[in-house]
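For reference, the chains in residue letters:
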Amino acid sequence: MARSPFEWIDEQARARSRAGLVRTLRPRPADSELLDLAGNDYLGLARHPEVTEGAARAARTWGGGATGSRLVSGSTELHAELERELAEFCGFESALVFSSGYAANLAAVTALAPHGSLIVSDAGNHASLIDGCRLARGTTQVVAHADPDAVRKALDTRTGPAIVVSDTVFSVDGDAAPLTALAAACREAGEPGESGASRKSGESGRPGAALVLDDAHGLGVIGDGGRGAAWAAGLAGAPDVVATVTLSKSLGSQGGAVLGPAHVIDHLVNAARTFIFDTGLAPAAAGAALAALRLLREEPERAARARAVAISLYERLTAEGLEAVRPDAAVVSVRAPSPEQALRWAAECRAAGLAVGCFRPPSVPDGISRLRLTARADLTEGQLDRAVGVIIEARR
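Residues numbered from 1 in each chain as written. Predicted model: local features only at pLDDT ≥ 70, side-chain atom pairs only at ≥ 80, totals over all residues. Heavy atoms only, no water.

Identification of the protein as 8-amino-7-oxononanoate synthase from Streptomyces tauricus is taken from an unreviewed UniProt entry. Looking at the Cofactor (unreviewed entry) heading of the UniProt record, one finds this comment for the protein: "pyridoxal 5'-phosphate". Here the protein is described in UniProt, under the heading Subunit (unreviewed entry), as follows: "Homodimer." (UniProt positions renumbered as here; feature names shortened; annotations may be inferred.)

Side note on the packing of helix H14 (residues 339-351) against helix H15 (residues 381-395)
Between H14 and H15, the least distance of the axes is 9 Å, while the angle of their chain directions is 130 degrees. Classed by the angle they form, the pair H14 and H15 counts as oblique. Crossing hand, H14 versus H15: right-handed. For the pair H14 and H15, contact is made by Trp-345, Glu-348 and Cys-349 and by Val-390, Ile-391, Ala-394 and Arg-395, respectively. The class makeup of the residues in the contact of H14 with H15 is five nonpolar, no polar and two charged. (Axes fitted to C-alpha atoms, helices over the stretch in contact; angles between N-to-C directions. Helix = DSSP H or I, 4+ residues; strand = E, 2+ residues; numbered from the N terminus. Parallel < 35°, antiparallel > 145°, perpendicular 65-115°, else oblique. Left-handed = near helix turned anticlockwise from the far one by under 90°. Contact = heavy atoms within 4.5 Å. Nonpolar A, V, L, I, M, F, W, Y, C, P; charged D, E, K, R; others polar.)

What about the side chain of Ser-166?
Its location among the elements puts Ser-166 in strand S5 (residues 162-167). Setting aside chain neighbours within four positions, we find Ser-166 in contact with Asp-122, Asn-125, Leu-129, Ala-177, Leu-182, Val-212, Leu-213 and Asp-214.

A few points about the side chain of Asp-173
Following the sequence through the fold, Asp-173 ends up in the loop between S5 and helix H7 (179-188). A polar side-chain atom of Asp-173 sits 2.7 Å from a polar atom in the side chain of Arg-370. If sequence neighbours within four positions are ignored, Asp-173 has contacts with Val-325, Val-331, Ser-333, Arg-335 and Arg-370. (Polar contact = N/O pair within 3.5 Å; in protein donor to acceptor, adjacent residues only side chain to side chain.)

Quick notes on the UniProt feature "domain: Aminotransferase class I/classII large" (unreviewed entry) in the protein
Per the UniProt record, "domain: Aminotransferase class I/classII large" (unreviewed entry) is found at residues 33-184 and 208-391. In the segment residues 33-184, helix accounts for 41% and strand for 16%; the C-alpha atoms at its two ends are 48 Å apart. Between the C-alpha atoms that bound residues 208-391 the distance is 47 Å, and the span itself is 42% helix and 18% strand.

Observations regarding the layout of surface pockets
One number sums up the size of the second largest pocket: a volume of about 320 Å³. Around the second largest pocket sit 19 residues that line it, and Pro-161, Ala-162, Ile-163, Gly-208 and Ala-210 are the ones nearest its centre. Secondary-structure elements contributing two or more residues to the lining of the second largest pocket are S5, strand S7 (241-246) and helix H10 (262-271). (1 Å grid on protein atoms, 1.4 Å probe; cavity = no way out; pocket = protein on both sides within 12 Å on 5 of 7 lines; lining within 4 Å. Points joined across faces, edges and corners; volume = space filled by probe spheres on them.)

A few points about the sheet that holds S7
Through backbone hydrogen bonds, the strands of a sheet pair up, either in parallel or in antiparallel fashion. Pairing is mixed in the open sheet, where seven strands are placed in the order S2-S8-S7-S6-S5-S3-S4. Each having just a single partner strand, strand S2 (94-98) and strand S4 (139-143) make up the two edges of the open sheet. For this sheet the average axis-to-axis angle between neighbouring strands, irrespective of direction, equals 20 degrees. The sheet contact formed by strand S3 (residues 118-122) and S4 spans five bridges and is parallel. Bridge pairing in S4 links Ile-119 to Thr-140. (Pairing = 2+ DSSP bridges.)

Thoughts on the environment of Ala-229
Along the chain, Ala-229 falls in helix H9 (residues 229-232). Aside from chain neighbours lying at most four places away, what touches Ala-229 is Thr-168, Leu-179, Asp-215 and Ile-222.

Quick word on the domain arrangement of the protein
Under the domain assignment used here, the protein contains domain 1 (31-47 + 300-395) and domain 2 (49-192 + 203-298). Look at where the C-alpha atoms of domain 1 and domain 2 centre, and you get two points 26 Å apart. Listed as interface residues are 24 residues of domain 1 and, on the opposing side, 28 residues of domain 2. Counting each side, the surface lost to burial between domain 1 and domain 2 is near 2100 Å², with a carbon and sulfur contribution of 61%. Linking domain 1 to domain 2 there are one salt bridge. (Domains from an automatic or database assignment. Buried area = accessible area lost by both parts, 1.4 Å probe. Salt bridge = Lys/Arg side-chain N within 4 Å of Asp/Glu carboxyl O.)

In structure tokens:
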């Protein structure tokens, strides 16, 4: 019998097992007794009656699927309504909805970084931004995490258009990017005499770099009533700023969107491959996201509550001697000694009725394994007490 062409896969599986890095699917039931600190339902809206009814109503009205790409038959009046309200809520001129946040990030980076351009990417960026950089025709420079000076140095080498790409809240540790300083670095790159290229050519009036922000973990949590990190930093609606968001975290649905100046959004409609060639977002997801967005507008206190729960988790866990990163939004990262111990720690928590995230290499850029906890606005004080108790006892 001929040898399998997939022998290399088996060897990789054995290597993952030896390193304690095997990942497995764990289908969850519709109703679970587990207290969930693993998912990204920051505002507790995924099962809210108004959100689920929004999904059901959209499915009854528009059908189970979008039926085609957005440019063929996959755009409905519901998609347009969601885009208008997202742009208005977040403070941008225009918005474009995608089938996922991943697709939105790929679109923003690839369509805005043509051949001859420079992409400056934070070392801690999400995989979707990294993949966008890999697929774009521009040249990518990866710079130190949350370091505006490193961004300036990278931009000083450019000879053509440039974009700076960063998460607003980083998904591993939950720390926030220095958005104001990043925006300043982008704008300074266009000032005459500031960059090496300008000094050599005598060029003046050159445009600065654009700033592309992934606000997946900021929307619904940061800013006035959850309007996002760009809003909080005073960058929403700026002509040189583009933001991407996901509908699957704070809004409890699925999908993603790019927000920015109208002419940039028009460019994505014509140039972004993950928009042109992908089937549109299912109407049920669009309906759920729109219902959640309207709930957030009516109940802006949910954003502040999610942040307060995250800080409470951090303070209680560090008071018990655990090493954690102070959260800037809803993600609380607790460090573990090794991948194997992180896996056992998470398993002990699950056995005690608590679901937590377990981040191990290669998902973490620094190679340090973590428990990743996600705060929810709907958690009670009793549930917080229970969660902290389980985490501490499981660690012992």
